[in-house]
Amino acid sequence: MQATVQSFDPATRSGWVFLDDGTRIPFDGEAFRAGPLRHLRPGQRVALVMADGRVTYVTLSTFPTP
């Protein structure tokens, strides 16, 4: 699933994204640390993996997801 970063907190490594349908969903530091990234900025396109209704993995939309 793809989304656009709304916000990212480098201290907690968590943030919020907008799905393409406008739905706003959070991701936590655990989901961010599961991927290869160091930082995100608002407006950046990302790929997400979700399980049980929560984001479990965040990476750039051009990177493969597990």
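Quantities reported herein were computed from a predicted structural model and do not represent experimental measurements. (Residues numbered from 1 in each chain as written. Predicted model: local features only at pLDDT ≥ 70, side-chain atom pairs only at ≥ 80, totals over all residues. Heavy atoms only, no water.)

**Student:** Describe the overall build of the chain, with residues and values.
**Tutor:** Across its full length, the chain carries 1 helix and 5 strands. Listed N to C, the secondary structure of the chain is β-β-β-α-β-β in terms of helices and strands. The C-alpha atoms of the chain give a radius of gyration of 10 Å, which matches the 11 Å a tight globule of 66 residues would have. Each of the 66 residues in the chain was classed as buried or not, and the buried ones make up 33%. Sequence separation of 24 or more characterises 35% of the internal contacts of the chain that already satisfy a separation of 6 or more. (Helix = DSSP H or I, 4+ residues; strand = E, 2+ residues; numbered from the N terminus. Rg over C-alpha atoms; globule rule 2.2 N^0.38 Å. Buried < 20%, exposed > 50% of the residue type's maximum accessible area, 1.4 Å probe, protein only. Contact = heavy atoms within 4.5 Å.)

**Student:** Could you give an account of the packing of aromatic side chains, with specific residues and numbers?
**Tutor:** Taken as a whole and judged by the stated rule, the model has 2 aromatic pairs. Aromatic pair F8 and F27: ring centres 6.4 Å apart, planes at 15°, arrangement stacked. Taken together, the positions of F8 in strand β1 (residues 2-9) and F27 in strand β3 (residues 24-27) put the pair 19 residues apart, joining distant regions of the chain. In terms of burial, F8 and F27 fall into one category: buried. (Phe/Tyr/Trp six-rings, centres within 6.5 Å; stacked < 30°, edge-to-face > 60°.)

**Student:** Pulling in residues and values, what's your account of the nonpolar core?
**Tutor:** Counting 15 residues, the largest nonpolar core has V17, F27, L40, V46, L48, V55 and V58 as the members making the most contacts within it. Of all the secondary structure elements, the ones that give two or more residues to this core are β1, β2 (14-19), β3, α1 (29-34), β4 (45-51) and β5 (54-60). (Core = buried A, V, L, I, M, F, W, Y, C linked by side-chain atoms within 4.5 Å.)

**Student:** Help me get a handle on the side chain of Q44, residues and values and all.
**Tutor:** Within the secondary structure layout, Q44 lies in the loop between α1 and β4. In this structure Q44 touches A3, T4, V5, H39 and L60, once residues within four positions along its chain are discounted.

So far we have only geometry, and geometry alone does not tell us how the molecule works.
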